[in-house]
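# Structure assessment
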Amino acid sequence: YSSAAQMCIRDRDEMYLKNGAEDYYYRRMRENTVFAVMGCKESGKNCFCVSMGTNRCEEYDMYIFQDEKGCYVELRCRELEELLWDYGQNVQEKPTFVEKNEVYVEIPEELPDTIHRDSMWQEYGSRCIGCGRCNFVCPTCTCFTMQDIFYKDNPKAGERRRVWASCQVDGYSDIAGGHSFRQSQGERMRFKVLHKISDYKKRFGYHICVGCGRCENVCPEYISYIACLQKLKEKEGK
């Protein structure tokens, strides 16, 4: 858990608690969750959390750190302190946070209204294979679909499950009547990227991307999300 994760929780709160009807299942889980932070001694290869302002964290229940002598825990939560008191003394230590990344990214704040039709998105159509891995590793993706599960021992009984979904895979944007939106991979890439660094902020006031670089690391086709942001920055104001 880091400042980036703190932003992820904030994003989920916006989506599931403040974006229309409150999600009862999320609320129940949220109220029974404690947050532990482990500071980063060094930056990840493609992490740009400093650029996004998500490299520091102030809101947490416990801080865990380790050295050659053992593992130490700072507790801010009284309930946790009561549970763990017999295992040692509560220590006071400031978390270690990364102050500089190898990668610097400047997010465009004023993209032209025509950016949705820009030819840059077409180049992703032939490269992206629509596996959805960039979504599944993203800590701020919140989209889901529903699946009906029928029990084998009683076909008349079952359950409806919420399953994490990806806007990059076939079928995500299918609707009743046989209609489908964003069928090309270039259109899907555009939808994802602009949601992370533009559209979400227009509605909620802050960027949803936390600069973790996971999508950069996991893409099997080596599609660079960071390079895409740099291209958008060059088009700012044009």
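Here's what I pulled together on the structure shown here.

This part covers the packing of helix 6 (residues 185-204) against helix 8 (residues 225-234). Interaxial distance between helix 6 and helix 8 falls to 11 Å at its minimum, and their mutual angle equals 75 degrees. Our classification of the angle between helix 6 and helix 8 gives roughly perpendicular. Listed contacts from helix 8 to Met 189, Val 193, Leu 194, Lys 196 and Ile 197 of helix 6 are Tyr 225, Cys 228, Leu 229 and Leu 232. Its residues placed into classes, the contact of helix 6 with helix 8 shows eight nonpolar, no polar and one charged.

So, on to the sheet that holds strand 1 (residues 36-37). Read across the sheet, three strands follow the order 1-2-3 without closing on themselves; strand pairing throughout is mixed. In the strand order of this sheet, the two ends are held by strand 1 and strand 3 (70-75), each with one partner. Relative to strand 2 (residues 62-67), strand 1 is paired through two bridges, and the arrangement is parallel. In the sheet register, Ala 36 faces strand 2, and the bridge partner there is Met 62.

Note that Val 218 resides in helix 7 (residues 214-218). Linking Val 218 and Asp 174, residues 44 residues apart in sequence, is a C-alpha distance of 26 Å. Among residues more than four places away in sequence, those in contact with Val 218 are Arg 133, Cys 134 and Val 137.

Turning next to the packing of aromatic side chains. The description of an aromatic ring pair rests on the distance of the ring centres and on the angle between the ring planes. Counted under the stated rule, the structure contains nine aromatic pairs. Seen from their ring centres, Tyr 200 and Tyr 206 are 5.4 Å apart, and the 75 degrees between their planes marks the pair as edge-to-face. You can call Tyr 206 buried: its relative accessible area is 8%. By the ring-pair criterion, three or more aromatic residues cluster together here, those being Tyr 16, Tyr 26 and Phe 144. The aromatic ring of Tyr 206 is capped on one face by Arg 10, whose charged end is 3.7 Å from the ring centroid. The ring centre of Phe 191 lies 3.7 Å from the NZ or CZ of Arg 182, which sits over that ring.

Below, the discussion takes up the pattern of salt bridges. All chains considered together, the criterion is met by 13 salt bridges. Here Asp 13 makes a salt bridge to Arg 30, at a shortest N to O gap of 3.0 Å. Of this pair, Asp 13 sits in helix 1 (residues 3-18) while Arg 30 sits in helix 2 (residues 24-31), and the two are 17 residues apart along the sequence. A salt bridge links Lys 201 to Glu 109; the nearest nitrogen and oxygen atoms lie 2.9 Å apart. Taken together, the positions of Lys 201 in helix 6 and Glu 109 in the loop between helix 4 (78-84) and helix 5 (133-136) put the pair 92 residues apart, joining distant regions of the chain. Beyond isolated ion pairs, a larger network of salt bridges with shared partners links Glu 22, Arg 27 and Glu 31.

With 20 residues, helix 6 ought to run about 28 Å at 1.5 Å a step, and its terminal C-alpha atoms sit 27 Å apart, in line with that. Approximately 65 degrees is the largest bend angle found in helix 6, and it occurs at His 195. Taken together, the buried positions of helix 6 are occupied by Gln 185, Gly 186, Arg 188, Met 189, Arg 190, Lys 192, Val 193, Leu 194, Lys 196, Ile 197, Ser 198 and Tyr 200. Gly 205 lies just past helix 6 and shows a positive phi near 95 degrees.

Rules of the game
- Residues numbered from 1 in each chain as written.
- Predicted model: local features only at pLDDT ≥ 70, side-chain atom pairs only at ≥ 80, totals over all residues.
- Heavy atoms only, no water.
- Axes fitted to C-alpha atoms, helices over the stretch in contact; angles between N-to-C directions.
- Helix = DSSP H or I, 4+ residues; strand = E, 2+ residues; numbered from the N terminus.
- Parallel < 35°, antiparallel > 145°, perpendicular 65-115°, else oblique.
- Contact = heavy atoms within 4.5 Å.
- Nonpolar A, V, L, I, M, F, W, Y, C, P; charged D, E, K, R; others polar.
- Pairing = 2+ DSSP bridges.
- Phe/Tyr/Trp six-rings, centres within 6.5 Å; stacked < 30°, edge-to-face > 60°.
- Buried < 20%, exposed > 50% of the residue type's maximum accessible area, 1.4 Å probe, protein only.
- Lys NZ or Arg CZ within 6 Å of the ring centre and 35° of its normal.
- Salt bridge = Lys/Arg side-chain N within 4 Å of Asp/Glu carboxyl O.
- Expected span 1.5 Å × (residues − 1).
- Bend = angle between axes of the 7 residues up to and from the residue.

Function-wise, these values are silent; they only describe arrangement.
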